[in-house]
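Commentary on secondary and tertiary structure
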Amino acid sequence: ADGWITRCQEHAESLGLLLNGSESIQALIPGSIDADYFVPQLYRPRVEARERFEIGPNVPVIGHAALIAGRGQLELLEAAELLGEDAPHILYIGRGEGEEALRARVAQSPISDRVHFSGYLQGEALLEGYAALDAVFCAQAGNDASVRAALEGMACSLPVLAIQDGALCDVVDTRVGWPIAQRSAEHIAEVLKSWVFSDDLGELRGQAGRELVLSSRSFESEAAATLALYSQCLR
């Protein structure tokens, strides 16, 4: 190939080792999101969303999108359990092969009354799901390194609590959320507690996240970088 695109620093470094000595052009072009569609939700949509998912209006809520097995759903639940009465509410968004086992585990949880399932959401319903949240949790970047769930939350001005894994390391820092050093219930619980007891539930970090999306993670910026790579290859 004359040119290569990677989505995160980790992949770029791995590819660089594989292409050592090659004249191929490499470009790190991170994933992007439609920030005109995913936007911060106003007070009324938030109230209506909380009512739909049967969540109280004045409790902290963290969301987890996609119930693909092994994406950190169980670790998030276990971390919240460690906080006891300080545990936030959790909204699991989506469906997947891990859903049945997770629902069974939640049924036995001492904080089962704080755990909610939205089912699969798309279109306006997905925006309603984000409207119900105060923050987003991400445990891994996914195999395409697009970190779409994190970017959707950031575009909606939500802070992101993320395990430092692959592409998530490139997008989530203390400006836009709370990085989590290790994927364990204990480490997640420590960061969850910091978020729950923060002055504004990370509202300012959420605003910074949207600003980052608008400045460097928009479809327009991804398209421009891709066209620039094509021009280099064609020359």
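Here's a quick rundown of the structure. Fair warning: this is a prediction, and the values are worked out from it, not measured in the lab. (Residues numbered from 1 in each chain as written. Predicted model: local features only at pLDDT ≥ 70, side-chain atom pairs only at ≥ 80, totals over all residues. Heavy atoms only, no water.)

1. Here we look at the overall build of the protein chain
The line we're drawing: Each helix is a run of DSSP H or I of at least 4 residues and each strand a run of E of at least 2, with the numbering of both proceeding from the N terminus. For a compact globule the rule gives 2.2 Å times the number of residues to the power 0.38, and the radius of gyration it is set against comes from C-alpha atoms. Accessibility here uses a 1.4 Å probe with only protein chains present; expressed as a share of the type maximum, an area under 20% marks a residue as buried, one over 50% as exposed, and anything in between as partly exposed.
Of the regular secondary structure elements, the protein chain holds 10 helices and eight strands. A compact globule built from 235 residues should have a C-alpha radius of gyration of about 18 Å, and the protein chain, at 19 Å, falls within 12% of that. Overall, the C-alpha framework of the protein chain stretches about 60 × 35 × 35 Å when taken along its three principal axes. Per-residue burial for the protein chain yields a buried fraction of 48% across its 235 residues.

2. Considering the packing of aromatic side chains
The condition is simple: Stacked, tilted and edge-to-face pairs are distinguished by plane angle, under 30 degrees for stacked and over 60 for edge-to-face with tilted covering the rest, among Phe, Tyr and Trp rings (Trp via its six-membered ring) whose centres lie within 6.5 Å. For a lysine, the NZ atom is tested; for an arginine, the CZ atom; a charge sits over a ring if that atom is within 6 Å of the ring centre and within 35 degrees of the ring normal.
The full count for this structure, using the stated rule, is three aromatic pairs. A ring pair is formed by Phe38 and Tyr130, whose centres lie 6.2 Å apart and whose planes are at 85°; its orientation type is edge-to-face. One end of the pair, Phe38, is in the loop between strand E2 (25-28) and helix H2 (43-52); the other, Tyr130, is in helix H5 (residues 124-131), and 92 residues separate them in sequence. Considered together, Phe38 and Tyr130 belong to a single accessibility category, that of buried residues. Grouping aromatic residues by their ring pairs yields a cluster made of Tyr37, Phe38 and Tyr130. Positioned above the aromatic ring of Phe117, the side-chain terminus of Arg103 is 4.1 Å from the ring centre. The cationic tip of Arg205 hangs over the ring face of Trp178; the distance from NZ or CZ to the ring centre is 3.9 Å.

3. Structural notes on helix H3 (residues 73-82)
One full turn of an α-helix is made of 3.6 residues, so residues set three or four places apart face in the same direction. The cut-off we apply is this: By the convention used here, residues are in contact when the closest approach between their heavy atoms is within 4.5 Å.
Counting buried residues along H3, seven of its 10 residues qualify, which places the element largely inside the surrounding structure. Looking at H3, one finds that the buried residues are Gln73, Glu75, Leu76, Leu77, Ala79, Ala80 and Glu81. Those residues of H3 that are buried are in contact with strand E3 (61-65), strand E4 (89-93), helix H4 (99-107), strand E5 (115-119), strand E6 (135-138) and helix H8 (185-196). Looking one or two places after H3, you find Gly84, whose phi comes out positive at around 60°.

4. Quick word on the packing of helix H6 (residues 148-155) against helix H9 (residues 203-216)
Put simply, the test is: A fitted line through C-alpha atoms represents every axis, and for helices the fit uses only the stretch in contact; the resulting angles, taken between N-to-C directions, go from 0 to 180 degrees. Here the angle decides the label: under 35 degrees means roughly parallel, over 145 means roughly antiparallel, 65 to 115 means roughly perpendicular, and every other value means oblique. Residues were grouped as follows: Ala, Val, Leu, Ile, Met, Phe, Trp, Tyr, Cys and Pro as nonpolar; Asp, Glu, Lys and Arg as charged; and all remaining residues, including Gly, as polar.
Where H6 meets H9, the closest approach of the two axes is 7 Å, and the angle between their N-to-C directions is 110°. In terms of orientation, H6 and H9 fall into the roughly perpendicular class. Here Leu151, Met154 and Ala155 of H6 lie close against H9, whose contacting residues are Gly206, Gly209, Arg210, Leu212 and Val213. Among the residues forming the contact of H6 with H9, the class breakdown is five nonpolar, two polar and one charged.

5. Focus on the sheet that holds strand E7 (residues 160-163)
Basically, it comes down to this: DSSP calls a pair of strands paired once it identifies at least 2 bridges connecting them.
On the basis of which strands lie adjacent, the open sheet formed by six strands has the order E5-E4-E3-E6-E7-E8 and parallel pairing. Pairing within the sheet leaves two strands with one partner each, and these edge strands are E5 and strand E8 (177-180). Geometrically, the sheet is characterised by an average inter-axis angle of 20° between neighbouring strands, direction not taken into account. In the sheet, E6 pairs with E7 via three bridges, with the strands oriented parallel.

6. Digging into the packing of H3 against H4
Direction vectors running N to C along H3 and H4 enclose 10°, while the axes themselves pass 10 Å from each other. Judged by the angle between their axes, H3 and H4 are roughly parallel. Contact residues: H3 offers Gln73, Leu74, Leu77, Glu78 and Glu81, while H4 offers Leu102, Arg105 and Val106. For the contact of H3 with H4, the per-class residue count stands at four nonpolar, one polar and three charged.

7. Description of the pairing of E6
The criterion, for reference: Handedness of a crossover is defined as follows: orient the strands so they point away from the viewer, and if the path from the first strand over the helix to the second runs clockwise, the crossover is right-handed.
Of the two faces of E6, both are covered, the one formed by Ala135 and Phe137 as well as the one formed by Val136 and Cys138. Direction of pairing for E3 relative to E6: parallel, over a ladder of two bridges. Following the sheet pairing, Ile62 is matched in E6 by Ala135. This β-α-β element, E6 to H6 to E7, shows right-handed connectivity.

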